[in-house]
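This is what each chain is made of:
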Protein chains: 2
Amino acid sequence: MLQPSMILVNPQMGENIGGTARAMLNCGLDSLKLVNPRDGWPNERANVMSSGALEIMPEVEVFDDTASALAEYQYIYATTARPRDMVKPVLTPEQAGVDIYKRMAQGQKCAVMFGCERAGLANDDVAMAHSIITVPLNPDFASLNLSQAVLLMAYECSKHALSDVDVTNPDEAPAPMGELDNLFSRLENALADKRFFKEEHRQRATMRNIRNMYTRAELSPQEVKTFHGIISALTKNDS
Amino acid sequence: MLQPSMILVNPQMGENIGGTARAMLNCGLDSLKLVNPRDGWPNERANVMSSGALEIMPEVEVFDDTASALAEYQYIYATTARPRDMVKPVLTPEQAGVDIYKRMAQGQKCAVMFGCERAGLANDDVAMAHSIITVPLNPDFASLNLSQAVLLMAYECSKHALSDVDVTNPDEAPAPMGELDNLFSRLENALADKRFFKEEHRQRATMRNIRNMYTRAELSPQEVKTFHGIISALTKNDS
């Protein structure tokens, strides 16, 4: 599968590497590379936090330096929360997702870099990227957890990679209008019997309102039956 | 600030509550409610994992049951990974973000519910929602961490700024969930009086279906009154 790789540069906490793997696999991505992880690799905390993702994914590749990790990619994005003094296109995750998709459709190999939890990417790392990705966040509280940042990117990429899921169930199609008409007539008669319409000229407007409510609900045939049952029950005289 | 509330129902791990708070505040949201958190509240692990968010946000509100937590909201979304046998609109987080924005622009109070880590939302909780949100994920590895799920929703909401205000008639806005709860309780009692529930164990499922239909209709406060009138009329014994 052609997919963007996610590259964690100097990640500190195993938990975040595991959370990253889980988030990536949630979104159908499984190419994860690490540059010089602080606590070495493999990492037991990462395994636990990945909820099994690390066992399913191809082996994580580990590199000594950023340049080696990036060597095979044709287009590279650097994620960063603060502006850097570099002239590069700055994209939102959404824009980057579209851009990655277009490039992959042309056969380009793409990677997204993420810096360490404490300080983000070094300027030297950012300099290796073609574009910068910045998540538009609350300026007063902009520090995103590392695995959360990866999730946002993987999620935006997955909007293009994964096919749309159609969740419509044919059994949930609305009932034909004729069935609703029967229901309304019956309800109107029952209400008239109980002298619900105090002023006769209001009857039509009231019934129109009731019909509006039911129509908006797009009742299924089964639900229409349920309402017939309700009317039967409520009008039963069993004193 | 008008914003959607995030509601965690039966959350298990304090770490995830803290991660949720951090993710929300990253995206500019700070209305978090908990229903019956397993380890009580406040929670030290939540504080640590929130990276200071819980100190900045207004106090988290804790409720004993879902209905109480939802009482003030006019439109409610339930997040769920697996399909439920309920007729409700199913939205992606992206579509939900747009929908929430439109509703808030009309002054509607919105909430998004998330279930517990192990099993997600109970069917009775889902039944209280107007719409379902499902993240299109890798079908072979679809279990999203709780705080990651909240992040995706908060992030999609944060894409929309509340600038334009719609001029919808406030009389047509949905009634708060608490008013609907009263209506359902009354209807359930009336139906029970009339021995509508032939098998006692079916009562809960039947009421869930009825609640689904009414919730979908987004009844206005006036329409809720109309239904109270209908129940009064139909149950009147005037033989």
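See above for the structure.
So, here is what we can say about the structure in this document.

Quick notes on the rules
- Residue indices begin from 1 for each chain and proceed along its sequence in written order.
- Naming scheme: in the order in which they are written, chains are lettered from A and ligands are numbered from 1.
- Since the coordinates come from a predicted model, pLDDT governs what is reported: local features require at least 70, and pairs of side-chain atoms require 80 or more to be given and counted, while whole-chain, interface and lining totals use all residues.
- In computing side-chain properties, one takes all heavy atoms of the structure into account and sets aside hydrogens as well as water.
- For the purposes of this entry, the term helix denotes a DSSP run of H or I that reaches at least four residues, the term strand denotes a run of E that reaches at least two, and both are numbered from the N terminus.
- We compute the radius of gyration over the C-alpha atoms and compare it with the globule rule, which gives 2.2 Å times the number of residues raised to the power 0.38.
- Throughout this description, buried means an accessible area under 20% of the type-specific maximum (1.4 Å probe, protein chains only), exposed means over 50%, and partly exposed covers the range between.
- Any two residues whose heavy atoms approach within 4.5 Å are treated as being in contact.
- Here the accessible surface of atoms and residues is derived via Shrake-Rupley with a 1.4 Å probe, and residues count as covered only by protein chains that are part of the display.
- Within this scheme the basic residues Lys and Arg register as positive and the acidic residues Asp and Glu register as negative, but His and the chain ends are omitted.
- The location of each charge is read from NZ of Lys, CZ of Arg, CG of Asp or CD of Glu.
- Two strands pair if DSSP finds at least two bridges between them.
- By this rule, a helix spans an expected 1.5 Å times one less than how many residues it contains.
- For Phe, Tyr and Trp, where Trp contributes only its six-membered ring, two rings pair if their centres lie within 6.5 Å, and the inter-plane angle classes them as stacked under 30 degrees, edge-to-face over 60, or tilted in between.
- Charge-over-ring contacts are defined here by two conditions on Lys NZ or Arg CZ: a distance within 6 Å of the ring centre and an angle within 35 degrees of the ring normal.
- Here the buried area means the combined drop in accessible surface, using a 1.4 Å probe, for two parts upon being joined, counting both sides.
- Whenever a carboxyl oxygen of Asp or Glu lies within 4 Å of a side-chain nitrogen of Lys or Arg, that contact is scored as a salt bridge.
- Whenever two N or O atoms come within 3.5 Å, that pair is a polar contact, provided that in protein one can donate a hydrogen and the other can accept it, and provided that, for residues adjacent in sequence, both atoms are side-chain atoms.
- Put simply, Ala, Val, Leu, Ile, Met, Phe, Trp, Tyr, Cys and Pro go in the nonpolar bin, Asp, Glu, Lys and Arg in the charged bin, and everything else, Gly too, in the polar bin.
- Only protein atoms enter the 1 Å grid, on which a cavity is a set of points fitting a 1.4 Å probe that cannot get out and a pocket is an open set with protein on both sides within 12 Å along at least 5 of 7 lines, lining residues being those with an atom within 4 Å of a point.
- Grid points are joined across faces, edges and corners, and a volume is the space filled by probe spheres set on the points.

1. Quick word on the overall build of chain A
At step 1: Counting its secondary structure elements, chain A contains 10 helices and seven strands.
At step 2: Computed over the C-alpha atoms, the radius of gyration of chain A is 29 Å, more than 25% above the 18 Å expected from 2.2 N^0.38 for a compact globule of 239 residues.
At step 3: Across its three principal directions, the C-alpha atoms of chain A cover 85 × 40 × 40 Å.
At step 4: With 239 residues in all, chain A has 51% of them scored as buried.
At step 5: Taking all contacts inside chain A whose residues are at least 6 apart in sequence as the whole, residues at least 24 apart take part in 82%.
At step 6: Put simply, chain A shows about 12000 Å² of open surface, and 49% of that area lies on carbon and sulfur atoms.
At step 7: Each charge class in chain A can be summarised by its mean position, and for the 23 positive and 31 negative side chains these summaries are 10 Å apart.

2. Some points on the pairing of strand 4 (residues 75-79) of chain B
Taken residue by residue, a regular strand's side chains alternate between the two faces of the sheet.
Residue and element names in this part refer to chain B.
At step 1: Counting buried residues along strand 4, five of its five residues qualify, which places the element largely inside the surrounding structure.
At step 2: Alternating residues of strand 4 divide into Y75, Y77 and T79 and I76 and A78, and every residue in both groups is buried.
At step 3: In this structure, strand 4 lies alongside strand 6 (residues 110-114), joined through four bridges in parallel fashion. In the sheet register, Y75 faces strand 6, and the bridge partner there is C110.
At step 4: Alignment of strand 4 against strand 7 (residues 131-133), held across three bridges, turns out to be parallel. By the bridge assignment for strand 7, T79 is matched with I133.

3. Brief notes about helix 10 (residues 221-234) of chain A
At step 1: Spanning 14 residues, helix 10 of chain A covers 20 Å between terminal C-alpha atoms, matching the ideal 20 Å at 1.5 Å per step.
At step 2: Looking only at helix 10 of chain A, the buried set comprises E223, V224, T226, F227, I230, I231, A233 and L234 of chain A.
At step 3: Contacts made by the buried residues of helix 10 of chain A are with helix 8 (177-193) and helix 9 (203-216) of chain A together with helix 8 (177-193), helix 9 (203-216) and helix 10 (221-234) of chain B.

4. Side note on the packing of aromatic side chains
At step 1: Here the structure, examined in full by the defined rule, presents seven aromatic pairs over all chains.
At step 2: With a centroid separation of 5.2 Å and an interplanar angle of 75°, the aromatic rings of F196 of chain A and F197 of chain A are classed as edge-to-face. Comparing F196 of chain A with F197 of chain A shows no difference in burial state: the two are buried.
At step 3: Above the ring of Y75 of chain B, the side-chain terminus of R103 of chain B is found at 3.4 Å from the ring centroid.
At step 4: The residue whose ring lies beneath K109 of chain B is Y73 of chain B, and the NZ or CZ to ring-centre distance is 5.8 Å.

5. Observations concerning the interface of chain A and chain B
At step 1: Residue-level contacts link 59 residues of chain A with 59 residues of chain B.
At step 2: Buried surface at the junction of chain A and chain B, both sides included, amounts to about 5000 Å², of which 59% is carbon and sulfur.
At step 3: With its nearest N and O atoms 2.7 Å apart, the salt bridge here joins E223 of chain A to R216 of chain B.
At step 4: Seen at the junction of chain A and chain B, the total is 19 residue pairs in polar contact (both at pLDDT 80 or more).
At step 5: At the level of secondary structure, the elements contributing two or more residues to the side of chain A that touches chain B comprise helix 1 (14-26), helix 3 (53-56), helix 5 (93-105), helix 7 (146-161), helix 8, helix 9 and helix 10 of chain A.
At step 6: Of the residues that constitute the side of chain A that touches chain B, the class distribution is 30 nonpolar, 16 polar and 13 charged.

6. Topic: empty space enclosed by the protein
At step 1: Counted by the stated rule, this structure contains three cavities of 30 Å³ or more.
At step 2: By volume, the largest cavity amounts to about 120 Å³.
At step 3: As for the largest cavity, its lining consists of 13 residues, of which Y214, F227 and I230 of chain A together with Y214 and I230 of chain B are closest to the centre.
At step 4: Elements supplying a minimum of two residues to the lining of the largest cavity: helix 8 and helix 10 of chain A together with helix 10 of chain B.
At step 5: Partitioned by chemical class, the residues of the lining of the largest cavity number 13 nonpolar, no polar and no charged.
At step 6: Taken as a whole, the second largest cavity spans an internal volume of roughly 60 Å³.
At step 7: Looking at the second largest cavity, the residues that line it are M213, Y214, A217, L219 and F227 of chain A together with M213, Y214, A217, L219 and F227 of chain B.
At step 8: Going through the elements one at a time, helix 9 of chain A together with helix 9 of chain B are the ones with two or more residues in the lining of the second largest cavity.

7. Brief notes about unusual backbone geometry
At step 1: Residues W41 of chain A and P42 of chain A are joined by a peptide bond in cis, for which omega reads 0°.
At step 2: Topologically, P42 of chain A is positioned in the loop between strand 2 (32-35) and helix 2 (44-49).
At step 3: Notably, S51 of chain B is not glycine yet its phi reads approximately 50°, a positive angle.
At step 4: S51 of chain B gets classed as partly exposed once you look at its relative accessible area, which sits at 40%.

8. Some words on the side chain of S50 of chain A
At step 1: Relative to the elements of secondary structure, S50 of chain A occurs in the loop between helix 2 and helix 3.
At step 2: Judged by its relative accessible area of 1%, S50 of chain A is buried.
At step 3: From its side chain, S50 of chain A meets the backbone oxygen of N47 of chain A in a polar contact 3.0 Å long.
At step 4: Apart from residues lying up to four places away in sequence, S50 of chain A is in contact with G18, A21 and R22 of chain A together with F141 of chain B.

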